[in-house]
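Letter by letter, the chains look like this.
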Amino acid sequence: MSENRGRRIGPVGVLAIVAAVGVGGWFLYDWNQTRMERADSRAQINEACQGLVDPDRVMRLAGHADKVDAGERGEHLCVLRRASTFEGQEDMQEFFSLTVVSSHGADPGKSGFDHAGGRNVAVTAKCATPVEGTGVTSVRVTAASELERVDALDPRELAALAREAALRSAARQRCETVVPEVPQALGR
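Being a predicted model, the structure only gives us computed values, none of them experimental. Counting restarts for each chain, with residues numbered from 1 along the sequence as it is written. Given that this is a predicted model, residues contribute local features only at a pLDDT of at least 70 and side-chain atom pairs are listed and counted only at 80 or more, while totals for whole chains, interfaces and linings are drawn from all residues. The side-chain quantities take in all heavy atoms of the structure and omit both hydrogens and water.

Student: Residue-level account of the overall build of the protein chain, with values.
Tutor: Where helices and strands are cited, they refer to DSSP runs of H or I of at least four residues and of E of at least two residues respectively, numbered from the N terminus. Scanning the protein chain from N- to C-terminus turns up 3 helices and 6 strands. In the protein chain, the order of α-helices and β-strands from amino to carboxyl end is α-α-β-β-β-β-β-β-α. Note on classification: 1.4 Å probe, protein chains only; a residue is buried when its accessible area is under 20% of the maximum for its type, exposed when over 50%, partly exposed between these limits. Per-residue burial for the protein chain yields a buried fraction of 32% across its 188 residues. Contacts are residue-level and defined by heavy atoms, with any inter-residue pair within 4.5 Å sufficient. Taking all contacts inside the protein chain whose residues are at least 6 apart in sequence as the whole, residues at least 24 apart take part in 58%.

Structure, rendered in structure tokens:
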């Protein structure tokens with residue numbers, strides 16, 4: 001028989017096991033809580049922005065925030081807020097907005113991008129022909145950052161969100177369109 005057989009764990013060993021289980025349980029709880037907040041945030045983004053943008057892409061734009069909710073919203077507007085903590089207090093701050101405008105009788109031309117500085121990018125999706133029944137000739141989507149630090153923002157990400165929303169909105173309105181890819185020259 002082995003000499004170790006029948007040896008018991010001492011009080012220090014029991015304390016170490018209890019501490020390990022407690023710490024592991026806390027990490028599991030924290031991980032699950034973060035996962036649930038992110039899932040709730042994705043649902044909020046989908047609802048507020050009417051499914052026009054990819055929630056994961058918006059979450060990346062939010063930076064390190066795990067929690068995003070909807071601020072002001074309307075038929076043609078969604079504003080999203082992200083959680084930020086300052087001196088132990090959580091606060092929800094606006095960080096992204098999306099505006100959709102459909103036009104009737106817009107000037108002919110090509111679909112394209114309009115980068116108006118560091119904080120917003122607009123995409124115009126021109127319809128191949130006016131939409132039967134509604135007369136919509138173009139859809140213009142503006143994605144804007146509400147962040148104070150413009151240098152922390154990649155305008156190409158805003159442009160990609162605006163392009164995605166323009167294509168989805170145009171499709172919902174039966175506006176046949178082609179929107180170019182996000183230009184490489186869209187600078188900071």
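Student: Now, about the state of the cysteines: what can you tell me, with residues and values included?
Tutor: By definition, a disulfide links two cysteine residues through a covalent bond between their sulfur atoms. A pair of sulfur atoms, both from cysteines and within 2.5 Å, is called a disulfide here. This model, assessed by the stated rule, comprises 2 disulfides. Paired by a disulfide, C49 and C78 hold their sulfur atoms 2.0 Å apart. One quick way to see it: the torsion about the S-S bond of C49 and C78 is about 75°, and its sign makes the bridge right-handed. With a gap of 29 residues between them, C49 in the loop between α1 (11-48) and α2 (55-61) and C78 in strand β2 (residues 77-86) connect regions that are remote in the sequence. For the pair C49 and C78, a shared accessibility class is recorded, and that class is buried. At a sulfur-sulfur separation of 2.0 Å, the disulfide partner of C127 is C175. Across the S-S bond of C127 and C175 the torsion is about -115°, and the bridge reads as left-handed. One end of the pair, C127, is in the loop between β5 (120-126) and β6 (136-145); the other, C175, is in the segment after α3 (155-172), and 48 residues separate them in sequence. Exposure class is identical for C127 and C175. Each is buried. The connectivity of the disulfide bonds within the protein chain can be written as 1-2, 3-4, using the sequence rank of each bonded cysteine.

Student: Just give me the short version of unusual backbone geometry, but keep the residues and values in it.
Tutor: Most of the time, phi is negative for any residue but glycine, and the peptide bond is trans. Positive phi is not limited to glycine here, since Q50 has a value of about 55°. Considering the arrangement of structural elements, one finds Q50 in the loop between α1 and α2.

Student: Any chance you could break down the pairing of strand β3 (residues 89-104) for me, citing the residues and the numbers?
Tutor: The side chains of a regular strand alternate between the sheet's two faces. A pair of strands is treated as paired once DSSP finds two or more bridges between them. Examined bridge by bridge, β2 and β3 share 10 bridges and lie antiparallel to one another. Residue pairing for β3: R82 is matched across the bridge by Q93. In this antiparallel pair of consecutive strands, β2 and β3, the connection spans 2 residues, and E87 shows a positive phi of 50°. Direction of pairing for β3 relative to β6: antiparallel, over a ladder of 9 bridges. Bridge pairing links V101 to R140 in β6.

Student: I'd like a description of the nonpolar core, backed by residues and values.
Tutor: Here, the term nonpolar core denotes a set of buried Ala, Val, Leu, Ile, Met, Phe, Trp, Tyr and Cys residues that are joined through side-chain atoms within 4.5 Å. Judged by nonpolar contacts, the single largest core of 39 residues is most densely connected at V53, V58, L80, F95, F96, L98 and V141. Breaking this core down by element, the ones donating at least two residues are α1, α2, β1 (68-74), β2, β3, β5, β6 and α3. No other element matches the 8 residues that α3 contributes to this core. Setting aside residues no more than four positions away along its own chain, V58 makes contact with I45, V53, L80, F95, F96 and L161.

Student: Account for the pattern of salt bridges, with residues named and values stated.
Tutor: A side chain of one charge can pair with a side chain of the opposite charge if their charged atoms are brought near each other. In what follows, salt bridge is the name for a side-chain nitrogen of Lys or Arg lying within 4 Å of a carboxyl oxygen of Asp or Glu. Inspection of every chain in the model, using the stated rule, returns 5 salt bridges. Close ionic contact of E181 with R163 constitutes a salt bridge, the shortest N to O distance being 3.2 Å. Remark: R163 occurs in helix α3 and E181 occurs in the segment after α3; sequence separation between them is 18 residues. By relative accessible area, which is 16% here, R163 ends up buried.

Student: How would you explain the packing of aromatic side chains if you had to name every residue and give the values?
Tutor: Whether two aromatic rings pair depends on their centres lying within 6.5 Å, for rings of Phe, Tyr and Trp, where Trp uses its six-membered ring; planes under 30 degrees apart make the pair stacked, over 60 edge-to-face, and the rest tilted. What the rule picks out here adds up to 1 aromatic pair. Taking 6.4 Å as the distance between ring centres and 35° as the angle between the ring planes, the aromatic pair formed by F95 and F96 counts as tilted. F96 shares its class with F95; the two are buried.

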